[in-house]
Amino acid sequence: MSSPGKDRRKPRSAARSPAPAEEALRASEERYGSVVAALAEGIVFMDADGGLRASNASAERILGLTAEQIGGRTTFDPRWRAIHEDGSPFPGDTHPITVSLRTGRPCSNVIMGVHKPSGELTWISINSQPLFRPGAPTPYAAVASFFDVTERKQAEDALRATQARLRDVLASSTAVVYATKLTAEGYAPSWVSENVTRVLGYDVPEALHPTWWASHLHPSDRARVLAELPTLLTKGELTLEYQFQGKRGTYRWVHDEARLLRDPAGLPIEVFGAWLDITERKQLEEQFHQAQKMEAVGRLAGGVAHDFNNLLTAILGSADLVLDSLTPGVPAREELEEIRKAALRAADLTRQLLAFSRQQVIAPTALNPNEVVANMDKLLRRLLGEDVELRTRLTPDLVTVKADPSQLEQVVLNLAVNARDAMPNGGKLTIETQNVELDAAYVRGHISAQPGPYAMIAVSDTGVGMDAATQARIFEPFFTTKEIGKGTGLGLATVYGIVKQSGGWIWVYSEPGQGTTFKIYLPRVTEAVPPAAVTPAPPASVRGSETILLVEDDEMIRNLVQKVL
């Protein structure tokens, strides 16, 4: 028997062998730790008190911190110096891992900028997930994964900066860039730059309508332009110039360059191009061509007028000599009077042609245009009649110009007559003067102008106005819109010639139904206006026996002068 109180059982071992379940758990944790450690993404864990407790090597590399430096930090630690994409501070309570721990919901793709201890800014994209124990309503921890997106962010910022610069360039450009896809139904506009609103007045959605472009081509250009489009598919490029209607209804000249894009199989898929507003260039070209035409017509008119003037001088001189030899009442005298009247009318036309061609003999002098206009006041009021109200607005300190006073009067008179005829039911005629300084920008748009100081004389009416086609021809000799017998077509041609011969230039502004304004620019001179000359008494008739040498290349004129002498 055993002794009382003696325990006969064997003693238990001090170290117990682990259970299979514990071994499996430990192995799983090791594998999980190895996977986390090997991930390229940074991983951090946060426990319920808000402290970061664990991190992997990628987290240390991305954040530039050691595991010890990360451990124990909270998202409220100011050392993170976290920021949003717009540069504003990123509060700790909005950090994704803190939000997941607080709300129990995951967060995805949150972009955050954090500063490394070196001061370098690193951009990270964060996903966070709450961790729950079975049956627990609230998370006991949260995990966040993140990866470095600094290079991607820099590339995106560079792209945005490039796009912003492109938008700025397009916004200040007169070229509208566009893209059009090729579909089975035809051309389908897919994109247009925003400056289409500034250049043509249309909103972007309007410009992307399938029929917008074709429906706004000028009627005179539409058939030609549409017929050229198939060339784009065969040649791969197309350049056109045409008129296009803006939002306000006016037409602008457009230079259109298009390029065709093909897919790898060689099939056409899209058209890229640009519309360049060349309206100003076209206007300058038209002004240049008009100036050339006027110059050529002027040379022709001057030559004809000079020869015709010699003929008229002989006709008038011979008629006067015959009239002087006939006694009153002789039947032939009446016929000669008619010849003389017709010759005088022809001589008047000749003078106007000479004025247009700038070959008329003039006596320019320094003068103040205000005085010329003021001296014509009574004449103009009688000429205009009661139905036309005359207004004058004369600048008191108007600069001095150099011109022939009688010719300047002729300019004002012709313009006033034209204005009166354009107001058959009455209206207002305004004559104003101003000092103006034409700068280089203005001169670029007006080919005849030169920069510098000018005296400007403007004659404006409230009449019927003119369309563009009429304005293009108004200074041509013998062009008139008046009824037969009511105008020679030389009034404005004379004005044009006088102004050009005086070193100035003339411009017209008009629209149908909106009246017309003629603006005359005469260059300023520094000469003083001379005092009014005293009219000398007519000299007494003097006769003598001296010899006169007569030199004249025209035989008719030479014979006439010989007879007179």
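Residues numbered from 1 in each chain as written. Predicted model: local features only at pLDDT ≥ 70, side-chain atom pairs only at ≥ 80, totals over all residues. Heavy atoms only, no water.

## Looking at the packing of helix 14 (residues 377-384) against helix 15 (residues 405-421)
Contact geometry for helix 14 and helix 15: axes closest at 10 Å, N-to-C directions at 25 degrees. Between helix 14 and helix 15, the crossing angle belongs to the class labelled roughly parallel. Helix-helix and strand crossings are classified by hand; for helix 14 and helix 15 the assignment is right-handed. Of helix 15, the residues touching helix 14 (which contributes Leu-379, Leu-380, Leu-383 and Leu-384) are Val-412, Leu-413, Ala-416, Val-417 and Arg-420. When the residues that make up the contact of helix 14 with helix 15 are grouped by side-chain class, the tally is eight nonpolar, no polar and one charged. (Axes fitted to C-alpha atoms, helices over the stretch in contact; angles between N-to-C directions. Helix = DSSP H or I, 4+ residues; strand = E, 2+ residues; numbered from the N terminus. Parallel < 35°, antiparallel > 145°, perpendicular 65-115°, else oblique. Left-handed = near helix turned anticlockwise from the far one by under 90°. Contact = heavy atoms within 4.5 Å. Nonpolar A, V, L, I, M, F, W, Y, C, P; charged D, E, K, R; others polar.)

## Re the confidence of the model for the chain
Looking at the chain as a whole, its pLDDT mean stands at 81, while 78% of the residues score no less than 70. Put simply, helix 1 (residues 20-38) is where the chain has its lowest mean pLDDT, 58, and strand 4 (residues 121-131) is where it has its highest, 94. Here residues 1-14 is a poorly scored stretch, pLDDT under 50, and it has three contacts once near neighbours within four places are set aside; other chains count. (pLDDT = per-residue confidence, 0-100.)

## Notes on the pairing of strand 7 (residues 186-192)
Note on strand geometry: in a regular strand, side chains alternate between the two faces of the sheet. With six bridges connecting them, strand 6 (residues 175-183) and strand 7 associate as antiparallel partners. Among the inter-strand pairings, Lys-181 is bridged to a residue of strand 7, identified as Ala-188. Once strand 6 ends, the chain turns through two residues before running back antiparallel as strand 7. (Pairing = 2+ DSSP bridges.)

## Observations concerning helix 5 (residues 150-172)
With 23 residues, helix 5 extends 33 Å from end C-alpha to end C-alpha; this agrees with the ideal 33 Å at 1.5 Å per step. Within the span of helix 5, buried status applies to Thr-150, Lys-153 and Leu-170. On its buried side, helix 5 packs onto strand 4, strand 5 (141-148), strand 6, strand 7 and helix 6 (196-200). (Expected span 1.5 Å × (residues − 1). Buried < 20%, exposed > 50% of the residue type's maximum accessible area, 1.4 Å probe, protein only.)

## Focus on the sheet that holds strand 1 (residues 42-47)
With antiparallel pairing, five strands are arranged side by side in an open sheet as 2-1-5-4-3. In the strand order of this sheet, the two ends are held by strand 2 (52-55) and strand 3 (107-115), each with one partner. With direction set aside, neighbouring strand axes in the sheet form an average angle of 30 degrees. Here strand 1 pairs with strand 2 via three bridges, running antiparallel. Across the sheet, the residue bridging to Met-46 is Leu-52, located in strand 2. Sheet strands touched by helix 5: strand 3, strand 4 and strand 5. Its angle to strand 4, the strand with the most contacts, is close to 120 degrees.

## Concerning the packing of aromatic side chains
Taken as a whole, this structure holds nine aromatic pairs when the rule is applied. With a centroid separation of 6.0 Å and an interplanar angle of 80 degrees, the aromatic rings of Trp-213 and Tyr-242 are classed as edge-to-face. Placement of Trp-213 in helix 8 (residues 212-215) and of Tyr-242 in strand 8 (residues 237-245) is noted, with a sequence separation of 29 residues between them. Given the relative accessible area of 0%, Tyr-242 is considered buried. Following the ring pairs from residue to residue traces out a cluster consisting of Tyr-178, Tyr-202, Trp-212, Phe-244 and Trp-275. Arg-133 extends its terminal NZ or CZ atom over the ring of Tyr-140, reaching a point 4.2 Å from the ring centre. (Phe/Tyr/Trp six-rings, centres within 6.5 Å; stacked < 30°, edge-to-face > 60°. Lys NZ or Arg CZ within 6 Å of the ring centre and 35° of its normal.)

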